[in-house]
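Notes for the structure review
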Amino acid sequence: MPSKEQLQKQKQYEKYVKEITPTHNLALNMAKAFLTGGLICVLGQWILNTAAGFGADKETAGSWCSLILIFLSVLLTGLNLYPKIGKFGGAGGLVPITGFANSVAASAIEFQSEGQVFGIGCKIFTIAGPVILYGILSSWVLGIIYYILKLLGVAS
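Attention in this report is confined to the structure presented alongside it. Everything numeric in this text was worked out from a predicted model, so none of it was measured. (Residues numbered from 1 in each chain as written. Predicted model: local features only at pLDDT ≥ 70, side-chain atom pairs only at ≥ 80, totals over all residues. Heavy atoms only, no water.)

Brief notes about the overall build of the protein
Of regular secondary structure, the protein possesses eight helices and zero strands. A compact globule built from 156 residues should have a C-alpha radius of gyration of about 15 Å, whereas the protein, at 24 Å, is more than 25% larger. Taken along the three principal axes of its C-alpha coordinates, the protein extends 75 × 45 × 40 Å. The contacts of the protein with a sequence gap of at least 6 include a subset with a gap of at least 24, amounting to 51%. Summed over its atoms, the accessible surface of the protein is roughly 12,000 Å², and 70% of this surface lies on carbon and sulfur atoms. One finds the centroid of the 11 positive side-chain charges in the protein at a distance of 9 Å from the centroid of its 7 negative side-chain charges. (Helix = DSSP H or I, 4+ residues; strand = E, 2+ residues; numbered from the N terminus. Rg over C-alpha atoms; globule rule 2.2 N^0.38 Å. Contact = heavy atoms within 4.5 Å. Areas by Shrake-Rupley, 256 points an atom, 1.4 Å probe, with all protein chains shown as cover. Lys, Arg positive; Asp, Glu negative; His and termini not counted. Charge placed at Lys NZ, Arg CZ, Asp CG, Glu CD.)

Concerning the environment of Phe71
When you line up the elements, Phe71 lands in helix H3 (residues 58-78). Owing to a relative accessible area of 52%, Phe71 belongs among the exposed residues under this scheme. Through-space distance from the C-alpha of Phe71 to that of Thr98 is 8.6 Å; in sequence the pair is 27 residues apart. (Buried < 20%, exposed > 50% of the residue type's maximum accessible area, 1.4 Å probe, protein only.)

Here's the deal with the packing of H3 against helix H6 (residues 97-110)
Where H3 meets H6, the closest approach of the two axes is 8 Å, and the angle between their N-to-C directions is 40°. Classified by the interaxial angle, the pair formed by H3 and H6 is oblique. In this structure, H3 meets H6 at a crossing whose hand is right-handed. Each of Ser66, Leu69, Ile70, Ser73, Val74, Thr77 and Gly78 in H3 lies in contact with H6, whose residues at this interface are Ile97, Thr98, Ala101, Asn102, Ala105, Ala106 and Ile109. Residues of the contact of H3 with H6, tallied by class, amount to eight nonpolar, six polar and no charged. (Axes fitted to C-alpha atoms, helices over the stretch in contact; angles between N-to-C directions. Parallel < 35°, antiparallel > 145°, perpendicular 65-115°, else oblique. Left-handed = near helix turned anticlockwise from the far one by under 90°. Nonpolar A, V, L, I, M, F, W, Y, C, P; charged D, E, K, R; others polar.)

Considering the side chain of Ser73
The residue Ser73 is located in helix H3 in this model. Take Ser73: its relative accessible area is 2%, and that puts it in the buried class. Within the structure, the side chain of Ser73 is placed 2.5 Å from the backbone oxygen of Thr98, a separation counted as a polar contact. Among residues more than four places away in sequence, those in contact with Ser73 are Tyr82, Thr98, Ala101 and Asn102. (Polar contact = N/O pair within 3.5 Å; in protein donor to acceptor, adjacent residues only side chain to side chain.)

So, unusual backbone geometry
Unusually for a residue other than glycine, Asn80 sits at a positive phi of about 60°. Of note, Asn80 is situated in the loop between H3 and helix H4 (82-89).

Digging into the packing of H6 against helix H8 (residues 125-151)
At a closest axis distance of 8 Å, the pairing of H6 and H8 adopts a crossing angle of 135°. Between H6 and H8, the crossing angle belongs to the class labelled oblique. Contact with H6, carried on its side by Phe100, Ser103, Val104 and Ser107, involves Thr126, Ile127, Ala128 and Val131 of H8 and no other residues of that element.

Structural notes on the pattern of salt bridges
Counting across every chain of the model gives one salt bridge. Measuring nitrogen to oxygen at the nearest pair gives 3.8 Å for the salt bridge that ties Lys9 to Glu5. Taken together, the residues span about one helical turn, with Lys9 and Glu5 both in helix H1 (residues 4-20) at a distance of four residues. Note on accessibility: Lys9 and Glu5 belong to one class, exposed. (Salt bridge = Lys/Arg side-chain N within 4 Å of Asp/Glu carboxyl O.)

A short note on H3
Under the 1.5 Å per step criterion, the end-to-end length of H3 is 30 Å for 21 residues, consistent within 8% with the ideal 30 Å. Among the residues of H3, Ala61, Cys65, Leu69, Ser73 and Thr77 are the ones counted as buried. Along the long axis of H3, the arc covered by the buried residues comes to 135°, so they all point the same way. In H3, the exposed positions that point more than 90 degrees away from the buried face belong to Glu59, Leu67, Phe71 and Gly78. Buried residues in H3 make contact with helix H2 (26-53), H4 and H6. (Expected span 1.5 Å × (residues − 1). Arc of directions from axis to C-beta.)

Focus on H8
In this model, H8 (27 residues) spans 37 Å end to end at C-alpha, consistent with the 39 Å of a helix rising 1.5 Å per residue. One or two steps after H8, the chain reaches Gly153, where phi turns positive at roughly 85°.

Here it is, written out as structure tokens:
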């Protein structure tokens, strides 16, 4: 049986843990993610509208939008600003294409001291590699399923 001193220390420890354990407000986190993701989408829509205003067709405007958003994400990552956006906005800053670009650029920046080949060249695909691999794999599987359904006359 624990002594009174041990019980008191245990209570003090539990109180300490409760004080330093961060509490999360789900509604606030969702609002921050919505705001952050929404602002990224508003910026993307502005880029689309601006490109269309300069005479670009829908596909070209979409390409420019993706390129500019990726460029801005990488630039902000290099300036150490995008991690702050991601920390504030959570999934709202990490899920769009900008979050993927940030993760790839962050890997390259983190390992640049190891050199061009073994640092940047190898580590840049730490995040991108699995995404590319499973994207291609799932596209291939779905293509096979679609082909079979087309042979059976289920899909057109």
